[in-house]
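# Observations on the three-dimensional arrangement
Single-letter residue listing:
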There are 2 protein chains.
Amino acid sequence: MKSYKLAFVGFGNVGQALARLFLRKKAELAQRYHIAVTTVGIATGRHGTAVDPDGIDLERALALMDGGAALDDLSRQPVEGDILAFIRSSGAEVLFENSPVNYKTGQPAIDHLRVALERGMHAITANKGPVVHAYQELSRLAAANGVGFRFESTVMDGAPIFSLFREALPGARLLSLRGILNSTTNLILGRMERGDTFKQAVAYAQQIGIAETDPSGDIDGWDAAIKVSALASVLMGLPLTPDQVSRVGIRHIGPKDVTRAAEEGKRWKLVCSARRVGESVEARVAPEQVPSTSPLYSVEGTSSIVEFETDVLGPLSIVEANPGPDTTAYGLFADFLNLVQG
Amino acid sequence: MKSYKLAFVGFGNVGQALARLFLRKKAELAQRYHIAVTTVGIATGRHGTAVDPDGIDLERALALMDGGAALDDLSRQPVEGDILAFIRSSGAEVLFENSPVNYKTGQPAIDHLRVALERGMHAITANKGPVVHAYQELSRLAAANGVGFRFESTVMDGAPIFSLFREALPGARLLSLRGILNSTTNLILGRMERGDTFKQAVAYAQQIGIAETDPSGDIDGWDAAIKVSALASVLMGLPLTPDQVSRVGIRHIGPKDVTRAAEEGKRWKLVCSARRVGESVEARVAPEQVPSTSPLYSVEGTSSIVEFETDVLGPLSIVEANPGPDTTAYGLFADFLNLVQG
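All values reported here derive from a predicted model rather than from experimental measurement. (Residues numbered from 1 in each chain as written. Chains lettered and ligands numbered in written order. Predicted model: local features only at pLDDT ≥ 70, side-chain atom pairs only at ≥ 80, totals over all residues. Heavy atoms only, no water.)

### Focus on the overall build of chain A
- From N to C terminus, chain A includes 13 helices and 12 strands.
- The C-alpha radius of gyration of chain A comes to 21 Å, within 12% of the 20 Å expected for a compact globule of 342 residues.
- Put simply, chain A has 342 residues, and 58% of those count as buried.
- Here the analysis covers contacts within chain A between residues at least 6 apart in sequence; of these, 69% occur between residues at least 24 apart.
- Carbon together with sulfur atoms contributes 46% to the accessible area of chain A, which is approximately 13700 Å² in total.
- Counting 34 positive and 39 negative side-chain charges, chain A places the averaged centre of each group 2 Å from the other. (Helix = DSSP H or I, 4+ residues; strand = E, 2+ residues; numbered from the N terminus. Rg over C-alpha atoms; globule rule 2.2 N^0.38 Å. Buried < 20%, exposed > 50% of the residue type's maximum accessible area, 1.4 Å probe, protein only. Contact = heavy atoms within 4.5 Å. Areas by Shrake-Rupley, 256 points an atom, 1.4 Å probe, with all protein chains shown as cover. Lys, Arg positive; Asp, Glu negative; His and termini not counted. Charge placed at Lys NZ, Arg CZ, Asp CG, Glu CD.)

### Description of the confidence of the model for chain A
- Considering every residue of chain A, the mean pLDDT works out to 95; 100% of them sit at 70 or more.
- Scored as a whole, the predicted complex attains pTM 0.95, and scored at its interfaces, ipTM 0.95. (pLDDT = per-residue confidence, 0-100.)

### Some thoughts on helix α9 (residues 198–207) of chain A
Residues and elements named next belong to chain A.
- Of all the positions in α9, only Phe 198, Ala 201, Val 202 and Ala 205 are classed as buried. The arc that holds the buried residues of α9, viewed along the axis, is 100 degrees, so those residues lie on one side. Counted as exposed and oriented over 90 degrees from the buried face of α9: Lys 199 and Gln 207.
- Each element contacted by the buried residues of α9 is listed here: α8 (183–193) and α10 (216–219).
- After α9 finishes, the residue Gly 209 shows a positive phi value of roughly 85 degrees. (Arc of directions from axis to C-beta.)

### Focus: the packing of helix α5 (residues 109–118) of chain A against helix α6 (residues 128–144) of chain A
All names here are of chain A.
- Closest axis-to-axis distance for the α5/α6 pair is 10 Å, and the angle between their directions is 10 degrees. With respect to their mutual orientation, α5 and α6 come out roughly parallel. Residues Ala 109, Ile 110, Leu 113, Arg 114, Leu 117 and Glu 118 of α5 pack against Pro 130, His 133, Ala 134, Glu 137, Leu 138, Leu 141 and Ala 142 of α6.
- Looking at side-chain class alone, the contact of α5 with α6 contains 9 nonpolar, 1 polar and 3 charged residues. (Axes fitted to C-alpha atoms, helices over the stretch in contact; angles between N-to-C directions. Parallel < 35°, antiparallel > 145°, perpendicular 65-115°, else oblique. Nonpolar A, V, L, I, M, F, W, Y, C, P; charged D, E, K, R; others polar.)

### A closer look at the interface of chain A and chain B
- On the chain B side, the residues contacting the 46 residues of chain A number 46 residues.
- One can count 4 salt bridges joining chain A with chain B.
- The partner of A:Lys25 in a salt bridge is B:Asp311, and the shortest N-O contact between them spans 2.6 Å.
- Here chain A is connected to chain B by 18 residue pairs in polar contact (both at pLDDT 80 or more).
- Those elements that provide at least two residues to the side of chain A that touches chain B are α1 (13–24), α2 (26–33), α7 (162–168), β12 (316–320) and α13 (325–340) of chain A.
- The pairing of β12(A) with strand β12 (residues 316–320) of chain B spans 5 bridges and is classified as antiparallel. Bridged to A:Glu320 within β12(B) is B:Leu316. (Salt bridge = Lys/Arg side-chain N within 4 Å of Asp/Glu carboxyl O. Polar contact = N/O pair within 3.5 Å; in protein donor to acceptor, adjacent residues only side chain to side chain. Pairing = 2+ DSSP bridges.)

### Thoughts on the side chain of A:Thr125
All names here are of chain A.
- Note that Thr 125 resides in strand β5 (residues 122–125).
- Here the side chain of Thr 125 touches Glu 97 through a polar contact of 2.8 Å, landing on its backbone oxygen.
- A polar contact of 3.0 Å, which involves the side chain of Thr 125, links it to the backbone nitrogen of Asn 127.
- Leaving out residues up to four positions away in the same chain, Thr 125 has contacts with Glu 97, Leu 113, Phe 149, Arg 150, Phe 151, Thr 154 and Leu 332.

### Digging into the environment of B:Ser280
- Considering the arrangement of structural elements, one finds B:Ser280 in strand β10 (residues 280–291).
- Residues within four places of B:Ser280 in sequence aside, it is in contact with B:Leu238 and B:Arg275.

### Observations regarding the sheet that holds strand β6 (residues 149–150) of chain A
Residues and elements named next belong to chain A.
- Ordered by their spatial adjacency, 6 strands build an open sheet running β3-β2-β1-β4-β5-β6, and the pairing between neighbours is mixed. Each edge of the open sheet carries a strand with a single partner, namely β3 (49–51) and β6.
- Direction of pairing for strand β1 (residues 2–9) relative to strand β4 (residues 94–97): parallel, over a ladder of 4 bridges. Within β4, the residue paired with Phe 8 across the bridge is Phe 96.
- Where α1 meets the sheet, it contacts β1, β2 (35–43) and β4, and its direction lies at approximately 160 degrees from that of β1.

### A few points about the sheet that holds strand β1 (residues 2–9) of chain B
Residues and elements named next belong to chain B.
- The strand order β3-β2-β1-β4-β5-β6 describes an open sheet built from 6 strands, whose pairing is mixed. Either end of the sheet is taken by a strand with one partner, and the two such strands are β3 (49–51) and β6 (149–150).
- Sheet strands in contact with helix α1 (residues 13–24) are β1, β2 (35–43) and β4 (94–97), and its direction is about 160 degrees off that of β1.
- This element, helix α13 (residues 325–340), spans β1, β2, β4, β5 (122–125) and β6 of the sheet and lies at about 160 degrees to β5.

Right under this line is the structure:
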C-alpha cells in the first residue's frame, strides 16, 4: 500500500465533491490500486484553513462546511502566513488547486501551482486560467521536478479529453477540433427554441445557477474562447490565448432566427473551432446553424461535445451529458490516479 | 532507441493498412517515442509466407500484394510447418493477428494468440472472436508471461474504447452502455429513409462492399451482439457470450415504419445495450425509434456510437465517423504503442 498526502486550496463545491469522492472510493483505491490518501491541509477563501500532518477528518471538514463553519478547529497546528506559505509548509505530495478562476491573468492559481511544483508536489487543477496563461511554463516546471501538472477538469467537467490524447490516442496528430463547450449559451439557445425571449432565457439560466449575475463572459463567447485556447494549446502544442480567438457571441440571435432555423430542421449552436495551419492555429467561436445530421445537433442544455479530426482516425467525438461538481471532481480524481500510477 | 520485431498473421486490407501506417509514422516513432520496428515475418492466407530475421522490406511486401503476387520471394529462409510453427519460430516480440474472424469458436485466431503469448510476445488483434470466446484466458496468459493482449480495433474500428477505460477513466465503474455498433444495418435503415425498399438497401450495402453476400450476420443482429458481448466482457469484467444477448434484427422493419418514424421526428436504429445487474449483465440488440434529442439520432451510415453510464460521470458518448481499414489499423498501432510504452 502506497500512501499519498493531499492538500486542497479552495474547498467550494468542487473541492467538497472531490473530498466526498475520495471517501466513497476509499475501499476501491485500497483494493484495486493499493493506494491510501491523507489530507494534510485545506485552505479556503472564507472558511479558514486547517493543517494536520496526521490527517484531517474529511467527513468532519465536510460537516463544518455544510454548517457554514470555519475549518480552523480541525487544525492541529497554528496556520501562519498566506496561501503560498500554506502550500510550502503543508508537507503534501499532491496539491488540488481549486481557487476561483481569473480569466485575464490566471492568478493567483498560477502562483499556487508554481510553488507546489517547485516543492516537488504533483499539481492538479480544475482552473482554466493557468492552462491558458501558463501551460508551457508549468509543464516544464513539472518535468524539471519529476512531477506532474494536470487539468482534465478545465474543459468538459471531468470528461476525458486531455487524457484521451495523452493516454488513449498515442501517435495521433490533432488537425482540427469543433464543438459546443459553453453550457450557458447552449441552455439559452435551447430555451429560445421553446419560446423564451433572449432576456427570459438569460434570466432562467441565472435562476438555476448556470449563468452569472454578469453573463457577458458566456454570452459574448469568452468562456468558449478560453476553452478552445486550452484545447489548442495543449493538444496541438501551439500556444493560443483567448484574445487570439476570433469571437462572436449570441447577443444578436433572436427568437425569430431560432424559429427560422427550426423550420429548416436546424438549431443555432455557439460553435468553437480550431484548425492547425502550418505551425499556427486558426480558432474561432461563433453561432452556427447546425443540421440534424451533425453530432452537435442533439447536444442539449448543459451537455457538451467536441469533435476531433486527426491524421489517423475519422472524425471522433466525445459527448458529455449532465455535468456538475461531481463530474468536475472526478476529473481531478482521475488526474491524481493517472499521475500516481505513472 | 528501442527496436521491436513484429510478425503479421493475416495481411489483408487491415494488415496492409497497418504496414503503411508503420511506414508513414516511422520518423515520428523514432523522434517522439524512440522506437524502431522490424517486420520479421508475414503469413498470409493466399499469398504465401515470408520470414526474414533481418527485416522484411514492407514497401516491397505491399507492392507484391498490390500485384497479387505471393510474398515467398521475400523470404530469407525456408518456411516450414503451419501458422503456429511460423509464430513460434518467427523470433517476433509482437504479433499482429488479423486472420479471418470465426464468430462461433474464435478459432484459429485464439490458437495464434495463445502461442504468441506463451512465447512471451505481445499479442494484438482486430479479431472479435478471441475477445468474445477467450478474453479471460488470454488476459491471464498474457499476465503470466509478462506481456500484453490488446484488441482496440475489435469494436468501433480503432476508436479508443477499451483504452478509454483502461487509460483515461481510472477508478470508474461501468454501469451500462448503449450504442449503434453495426454499420451495415445503420446504412440499410438510412437508405430506407431515402426511399429504398429493404431489399434495395441490402443490395446497395452489398454493392459498396459493406454487407456480405450472406448479410444475415448483420441483419439479424449477430455482429452487434458480438460487439456488445466484447464490451461487456472486458469493460464490466463479466463474461457474456453473444447467444446470451437478447437479439432482434431489422428484417421486420419496412419502409412504412421508417416513414412513420420520420413523421414523428424519429429514426429507426439497431440499438445495442448492456446493463450491469448485480454480478451479471443484461444485454440486448433490438431496433428502436430514436428521437432527435438522442446522440444516437445523428449517427449516419457507417458511423457508430457508444454511450457509457458510469458511477463517476454523466452519460459519456464516443462517436466515430468514416471508419475503414486505415482506422482499424490505427487501433492496432495504438495498442502496440500503449503496450511497448508500458
